[in-house]
Amino acid sequence: MWLFLVRRLVNYLVLIVVATTCAYLLAASALSPRVNYENQSPRPSEAAVDARLDELNLNDKTPLAERWMVWAGDVVTGDFGKTVTGSSVNDQMEIRVLVSLRLIVAGTVLGATAGVAIGAYAAVKQYGLFDQLSTGAAFTVLAVPAVVVAITLQVIAIWLNGAAGQTLLVFNGEATPSLDAGFFGTVWDRLKHMFLPTVALALGQFAVFSRYQRNMMLDVLGSDFVRTARAKGLTRRAALLKHALRTALIPTVTYFTFTFGVMMAGTTFTEKVYNWKGMGSWLIDSIATNDVHAVAAVSCFMAVCVMAAAFLSDLLYAWLDPRVRVG
Amino acid sequence: MTETITANGAGGPEAAETGAPVLEIEDLHVTFPGRGKEPDVKAVRGVGYSVRRGEILGIVGESGSGKSVSSMAAMGLLPDNARVTGSIRLHGEELLGLDDKAMSAKRGSRIAMVFQDPLSGLTPVYTVGDQIIEAVRVHNPKMGKERAAERAVELLDLVGIPNPAQRAKAFPHEFSGGMRQRVMIAIAIANDPDVIICDEPTTALDVTIQAQILEVLKTAQRETGAAIVMITHDLGVVAGLVDRVLVMYAGRPVEVGAVDDVYYRTRMPYTMGLLGSVPRLDTEEHAPLVPIEGNPPSLSALPPGCPFAPRCPIATDECRAEEPELLEVGGGHGDGHTAACIRAPEIEREGWTAADVYPVPAIGEAPAARTRRADRETVLQVDGLVKHHPLMKGAVFKRRVGTVYAVDGVSFDIAEGETLGLVGESGCGKSSTLMEILSLERPQSGTVDLLGRRSGTMSARERFAVRRDVQVVFQDPMSSLDPRMLVFDVVAEPLRTHGYPKDKLRARVNELLDLVGLDPAHAGRYPQEFSGGQRQRIGIARALALEPRLLILDEPVSALDVSIQAGVINLLEELKVRLGLSYLFVAHDLSVVRHIADRVAVMYLGRIVEIGEVGRIFGSPAHPYTQALLSAIPVPDPEKERARTHIVLEGDLPSPANPPSGCRFRPRCPKFAGLSEAERVPCIEVSPDLEPTGEDDHTAACHYAQGRTVV
């Protein structure tokens, strides 16, 4: 069992390296930091630009392989290089990673749990009102792009705030700037800021998970072992929770990894729309400013996140299905 | 409509024990509302019975007769949309209408159930021990975990699981089907229930395992003293086990009584038909079976009058007017024998039996049978056939870690116009042998000669030609016909493939459908519009299209109800006579094989252990495995069945990846167990070959082969 997990972990590390390298190579060949200098006025001399770019390891006159070697050598020591403006990528990351993780973790946990719970309950009440409502909601969210969901929530918030005559919901930034309200006040302020973007992310997760979980649950509802559990004397509720849901969760857990990738993309839009200074918005900004190292760093972060999700789903799988541990 | 059995069973003294009935069901009706505009399905229409402590009641019927639905109603496990009316009383307390919580308290503690399919009946993610502990603790929440675990081990021991303490920690997938059914029984008896409902508990199991499970059930009954309701379609199982029988047809009991009365003094034509359509293991004369014509009625559109009237050979206009009541019939030994037939008094007076009521089809004798076997052409000759599957491990670098000896040196031959029955438990290599023969490829070792041509040496053209002469009929008629093809196309496909003239195609298909007893006018329908038996006939028509000489039949009747099965068996026999076919008939049901086969080969773990004339194999089997196999089959004759002693084999079929040394049957062999140390040596060291037993060409692979009568 432990050997199995260690093997998976090594696998994931290799994948992260491959993904990050690919992202770097793609960014370094597609983005051109030189343009940033050429557009300045007065236009600096080519020698000056070359010197500056060499300093940042971004000169497109240096062979790509050579640049990659230098960059990779730094990354191994934990240094993701410098941004186009010369500041440290690491410094930026330190702030932004926490911002993004807050959103991702909260959104995933909320979305997945709600999705599983609602999907499973809808299956039990198949064709009932709850099932029809949740199905309708899930398909609506699935059919609408993440950006539109995020903006729609903002519109609703504006309307609510207007109707209430006070700011119930905040939808701009991570915190009120220069707020002085003590520890609890700050936490409350941050939670208020978090609410809408988290819901925006969680909605997408809920939609996917509820559909999937509903189908899985329907498959096991009529199965013989649930009937056996009831024949033993378990109430319907207990049999469904302990036997049906437990078994139906196993395939969902594997599915978790796949939806996580989609959610990372959703984070990018959500951060942009809600004006959060996270990794996702940084990625878009960096592409616009030809910031090769920042793009590579964000890609690395996303790869690590996806792999962490995959590892988590391995752990969950092993916990849910003890047969893996025995075999 | 209401009928409650109040009389005692005719069985042992236990059954005669006086006292109030434990479970009483009265005038039970179950209706499933049709979805949308579809009509309601009246699954159960007025069932009533009662069982006492220690009594065993058998409920017999074909699929769709409502026997399972009525017991699920007693357990309160029907889906919410089912409309249930009537009365179900446990110790006099009404169960119908109890809410889930109150019913859950009864379920598993006072009334327990064993289901049909043990493979899917246990939750895959919990250990077997935990699932039994759960059953114990749900009704005794105060019992400590350790005490419950001890109880689980005791129960596993009681139902005959070896190393119970260790096996309790195993997961269901580590158990065989028979072992899982034992676990299910352990769960059912965990709280000493008063009633155990067994819904086809042995149907999914092999005969030797069935014998084991029936023994376990008897033990369970002894331990708990519970009343047992045994639901089954197998008239043999019922004969030896139960005190009383209730025969169901179209959701209603049609004949009820003590087992001897129902079997020997049958008063309802349907029961007669059921008993007459079962191929018998214990009769030597080769009379055709008595099939019941037609199909059971749809429960959503029942005809007026007796639901059996459309299939009944002695039905009158009066039968079609009104549904008959279940009325007392006399002449029996035990009282309380009732039948729902208005002609029952007449049947009783005239003393009619199945043979008098049902027209017995006449089947001639095959022309080939008049020639001596040695003088006939050999259609199929298999010599030393081997099929081993490698067992691989590893994801990227596969390495061989073992071998599955699926078929390990099998030899037999089939003469023209002959039927060879290939029998054995699941996993013995029957199907692998078939597939190897059908592949027409060079075997890993040994040879296969089909109509004089050797597999693996034929050119593509020759192979194509041989395919015409060798056709196959599969087990499951539900899945072996393409649901998107018309019956006409299904039957015409082999003809088209082999370039049959287009202008004669329709005439040929009509001829074939007529030959297998289907209406050619139905050629324009899809397979799903036909019943199981009819679909199997379509499969046979397809196989016969190219006028083959050898037909390979892979369990062709095992998925069919007995009354339908009889018709298909008769058809196969008739076709053999009319078309001079040879059959390789693979089956696990030895009664069917006795009826249809001329010669029988018994397989065990990839080898043939005994082969010979059908009369010889069934009359005086020489191999201990054949003896056990035959002995394990219950005979639908209560007196005979009660007098028989079954040889119950220990354990399961060993894994073909790891067969025992020497004789493969040794670990389960009752004969081996009785040998002295010195006598055992050859069994352990030398794998026995098929040796003649001295009579005809009967051979058995046993060092101590000795003929013995077991049926």
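Residues numbered from 1 in each chain as written. Chains lettered and ligands numbered in written order. Predicted model: local features only at pLDDT ≥ 70, side-chain atom pairs only at ≥ 80, totals over all residues. Heavy atoms only, no water.

Trainee: Is there a simple way to explain the overall build of chain A in this structure?
Mentor: Scanning chain A for helices and strands turns up 13 helices and 0 strands. Listed by position from the N terminus, the elements making up chain A come as α-α-α-α-α-α-α-α-α-α-α-α-α. Viewed in the frame of its principal axes, chain A has a C-alpha envelope of about 85 × 60 × 40 Å. Partitioning the contacts of chain A with sequence separation of at least 6, the portion at a separation of at least 24 is 73%. Accessible surface computed for chain A: about 16300 Å², of which carbon and sulfur atoms make up 69%. (Helix = DSSP H or I, 4+ residues; strand = E, 2+ residues; numbered from the N terminus. Contact = heavy atoms within 4.5 Å. Areas by Shrake-Rupley, 256 points an atom, 1.4 Å probe, with all protein chains shown as cover.)

Trainee: Just checking my understanding: could you explain the overall build of chain B for this structure?
Mentor: Within chain B one finds 24 helices and 24 strands. Excluding contacts between residues fewer than 6 apart, the proportion of contacts in chain B whose partners are at least 24 apart in sequence is 70%. Just so you have it, chain B exposes about 28800 Å², and 49% of that area is on carbon and sulfur atoms. A distance of 6 Å separates the average location of the 76 positive side-chain charges in chain B from that of its 96 negative side-chain charges. (Lys, Arg positive; Asp, Glu negative; His and termini not counted. Charge placed at Lys NZ, Arg CZ, Asp CG, Glu CD.)

Trainee: Explain the interface of chain A and chain B to me, please; I cannot follow it from the model alone.
Mentor: Many authors give the size of an interface as the accessible area that is lost as the parts come together. Taken together, the 21 residues of chain A in the interface contact 29 residues of chain B. The contact between chain A and chain B buries some 2300 Å² in all, and 59% of this surface belongs to carbon and sulfur atoms. For the pair chain A and chain B, the number of links is 3 salt bridges. The salt bridge involving Lys232 of chain A is made with Glu134 of chain B; its shortest N-O contact spans 2.7 Å. At the boundary of chain A with chain B, the tally comes to 14 residue pairs in polar contact (both at pLDDT 80 or more). Secondary-structure elements contributing two or more residues to the side of chain A that touches chain B are α9 (224-232), α10 (236-273) and α13 (322-326) of chain A. In terms of residue count, α9 of chain A provides more of the side of chain A that touches chain B than any other element does, 7 residues in total. Split into classes, the residues belonging to the side of chain A that touches chain B amount to 7 nonpolar, 5 polar and 9 charged. (Buried area = accessible area lost by both parts, 1.4 Å probe. Salt bridge = Lys/Arg side-chain N within 4 Å of Asp/Glu carboxyl O. Polar contact = N/O pair within 3.5 Å; in protein donor to acceptor, adjacent residues only side chain to side chain. Nonpolar A, V, L, I, M, F, W, Y, C, P; charged D, E, K, R; others polar.)

Trainee: Please explain the nonpolar core as it appears in this structure.
Mentor: What tends to happen in soluble globular proteins is that the nonpolar side chains get buried as a cluster. Residue and element names in this part refer to chain B. Among the nonpolar cores identified, the biggest contains 118 residues, and Ile132 and Met230 are the most heavily contacted of them. For this core, the leading source of residues is helix α6 (residues 177-189), giving 8 residues. Among the domains, domain 1 (22-242) and domain 2 (271-357) are the pair contributing at least three residues each to this core. Contact partners of Ile132, with chain neighbours within four places excluded, come to Ala152, Leu155, Leu156, Val183, Ala186 and Ile187. Judged by nonpolar contacts, the second largest core, of 73 residues, contains Leu281, Phe585, Leu605 and Cys683. (Core = buried A, V, L, I, M, F, W, Y, C linked by side-chain atoms within 4.5 Å. Buried < 20%, exposed > 50% of the residue type's maximum accessible area, 1.4 Å probe, protein only. Domains from an automatic or database assignment.)

Trainee: How do you make sense of the UniProt feature "domain: ABC transporter" (unreviewed entry) in chain B when you look at a structure like this?
Mentor: UniProt annotation of "domain: ABC transporter" (unreviewed entry) refers to residues 23-275 and 380-630 of chain B when read in the numbering used here. The span residues 23-275 of chain B shows a helical share of 38% and a strand share of 25%, and its end C-alpha atoms are spaced 28 Å apart. (UniProt positions renumbered as here; feature names shortened; annotations may be inferred.)

Trainee: Is there a simple way to explain unusual backbone geometry in this structure?
Mentor: Where the residue is not glycine, phi is negative for most of them; where a peptide bond is considered, it is trans in most cases. The omega torsion of the bond from Ser41 of chain A to Pro42 of chain A falls at 0 degrees, within 30 degrees of zero and hence cis. Mapped onto the secondary structure, Pro42 of chain A falls in the loop between α2 (33-38) and α3 (46-56). For Glu555 of chain B, which is not a glycine, the phi torsion comes out positive at approximately 50 degrees. Located in the positive-phi region is Leu605 of chain B, a residue other than glycine, with phi close to 45 degrees. Looking at the element boundaries, Leu605 of chain B is found in the loop between β21 (599-604) and β22 (607-613). Take Leu605 of chain B: its relative accessible area is 1%, and that puts it in the buried class.

Trainee: Please explain the UniProt feature "domain: ABC transmembrane type-1" (unreviewed entry) in chain A as it appears in this structure.
Mentor: UniProt marks residues 97-313 of chain A with the feature "domain: ABC transmembrane type-1" (unreviewed entry), using the numbering shown here. The distance from the first to the last C-alpha atom of residues 97-313 of chain A is 22 Å, and the span holds 83% helix and 0% strand.

Trainee: Is there a simple way to think about the side chain of Arg535 of chain B in this case?
Mentor: As for its position among the elements, Arg535 of chain B is in helix α17 (residues 532-544). Not counting chain neighbours up to four residues away, the residues in contact with Arg535 of chain B comprise Pro477, Met478, Leu481, Pro527, Gln528 and Phe530 of chain B.

Trainee: I'm lost on the packing of helix α3 (residues 128-139) of chain B against α6 of chain B in this one. Help?
Mentor: Axes are the key here: two packed helices are described by the angle between their axes and the distance separating the axes. Residue and element names in this part refer to chain B. At a closest axis distance of 8 Å, the pairing of α3 and α6 adopts a crossing angle of 20 degrees. In terms of axis orientation, α3 runs roughly parallel to α6. Seen from above, α3 lies across α6 with right-handed handedness. Residues Val128, Gln131, Ile132 and Ala135 of α3 form the contact with α6, whose participating residues are Val183, Ala186 and Ile187. In the contact of α3 with α6, the residues fall into 6 nonpolar, 1 polar and no charged. (Axes fitted to C-alpha atoms, helices over the stretch in contact; angles between N-to-C directions. Parallel < 35°, antiparallel > 145°, perpendicular 65-115°, else oblique. Left-handed = near helix turned anticlockwise from the far one by under 90°.)

Trainee: Looking at this model, I keep getting lost on the packing of aromatic side chains. Mind explaining?
Mentor: Ring pairs (aromatic) are described by centroid distance and by the angle formed between their planes. This model, assessed by the stated rule, comprises 12 aromatic pairs over all chains. A centroid spacing of 5.3 Å and a plane angle of 80 degrees characterise the contact between Phe183 of chain A and Phe184 of chain A, whose relative ring orientation is edge-to-face. Comparing Phe183 of chain A with Phe184 of chain A shows no difference in burial state: the two are exposed. Here Tyr249 of chain B and Phe308 of chain B contribute two aromatic rings whose centre-to-centre distance is 5.2 Å and whose plane-to-plane angle is 85 degrees, an arrangement assigned as edge-to-face. Separated by 59 residues along the polypeptide, Tyr249 of chain B in strand β9 (residues 244-249) and Phe308 of chain B in the loop between α10 (269-277) and β11 (327-328) bring together distant segments of the chain. For the pair Tyr249 of chain B and Phe308 of chain B, a shared accessibility class is recorded, and that class is buried. Site record: aromatic cluster; members linked through ring pairs are Phe209, Phe256 and Phe260 of chain A. (Phe/Tyr/Trp six-rings, centres within 6.5 Å; stacked < 30°, edge-to-face > 60°.)

Trainee: Before we go on, may I ask you to explain the pattern of salt bridges in this structure?
Mentor: Two side chains with opposite charge may pair up if their charged atoms get near one another. All names here are of chain B. Within this structure, the stated rule accounts for 52 salt bridges over all chains. In this structure, Glu348 engages Arg267 in a salt bridge whose closest nitrogen and oxygen atoms are separated by 3.9 Å. Here Arg267 lies in the loop between α9 (259-264) and α10 and Glu348 lies in helix α11 (residues 344-350), a separation of 81 residues in the sequence. According to the relative accessible area criterion, Glu348 is partly exposed, its value standing at 28%.

Trainee: How do you make sense of the pairing of strand β19 (residues 550-554) of chain B when you look at a structure like this?
Mentor: Along any regular strand, the residues point their side chains to alternate faces of the sheet. All names here are of chain B. Taking burial as the measure, the 5 residues of β19 include 5 buried ones, the bulk of the element. Side chains of β19 alternate between two faces, with Leu550, Ile552 and Asp554 and Leu551 and Leu553 buried alike. Bridging between strand β18 (residues 470-473) and β19 involves 4 bridges; their strand directions are parallel. Its bridge partner lying in β19, Val473 is registered against Leu553. Here 5 bridges tie β19 to strand β20 (residues 582-587), and the two strands are oriented parallel to one another. (Pairing = 2+ DSSP bridges.)

Trainee: When you look at the sheet that holds strand β8 (residues 227-232) of chain B in this model, what are you seeing that I'm missing?
Mentor: In a beta sheet, neighbouring strands pair by backbone hydrogen bonds and run either parallel or antiparallel. All names here are of chain B. As summarised here, the arrangement of the 8 strands in space is β6-β7-β8-β3-β9-β10-β12-β11, forming an open sheet in which the pairing is mixed. The strands lining the two open edges of the sheet, one partner per strand, are β6 (111-114) and β11. Examined bridge by bridge, strand β7 (residues 195-199) and β8 share 5 bridges and lie parallel to one another. In the strand pairing of β8, Cys198 is matched with Met230. Relative to β8, helix α7 (residues 207-224) is tilted by about 155 degrees, and along the sheet it contacts β3 (56-60), β7 and β8.

Trainee: Teacher, can you tell me more about the domain arrangement of chain B here?
Mentor: Residue and element names in this part refer to chain B. Segmenting chain B into domains produces domain 1 (22-242) and domain 2 (271-357). Relative placement of domain 1 and domain 2: their C-alpha centres are 30 Å apart. Across the domain 1 to domain 2 interface the summed buried area is about 830 Å²; carbon plus sulfur atoms make up 64%. Interface area lost by domain 1 to domain 2 is led by Arg45, Glu62 and Leu235, which between them contribute 57%. On the surface where domain 1 and domain 2 come into contact, there are 2 salt bridges. The shortest N-O distance in the salt bridge between Arg45 and Glu323 comes to 3.0 Å. Along the contact surface separating domain 1 from domain 2 lie 2 residue pairs in polar contact (both at pLDDT 80 or more). Considering each element in turn, the side of domain 1 that touches domain 2 owes the most residues, 4 residues, to strand β2 (residues 41-51). In the side of domain 1 that touches domain 2, the residues fall into 5 nonpolar, 1 polar and 4 charged.

Trainee: What is the right way to read helix α11 (residues 279-288) of chain A from this model?
Mentor: Turning to α11 of chain A, its buried residues are Met279, Gly280, Ser281, Trp282, Leu283 and Ser286 of chain A. Backbone geometry just downstream of α11 of chain A places Asn290 of chain A in the positive-phi region, at approximately 55 degrees.

Trainee: Looking at this structure, how should I read the sheet that holds strand β4 (residues 83-90) of chain B?
Mentor: All names here are of chain B. Within the open sheet, the 4 strands sit side by side as β2-β1-β4-β5. Their pairing is antiparallel. In this open sheet, the two strands that pair with only one neighbour each are β2 and β5 (93-94). Where helix α1 (residues 67-75) meets the sheet, its contacts fall on β1 (23-32), β2 and β4, and the angle it forms with β1 comes to roughly 110 degrees.

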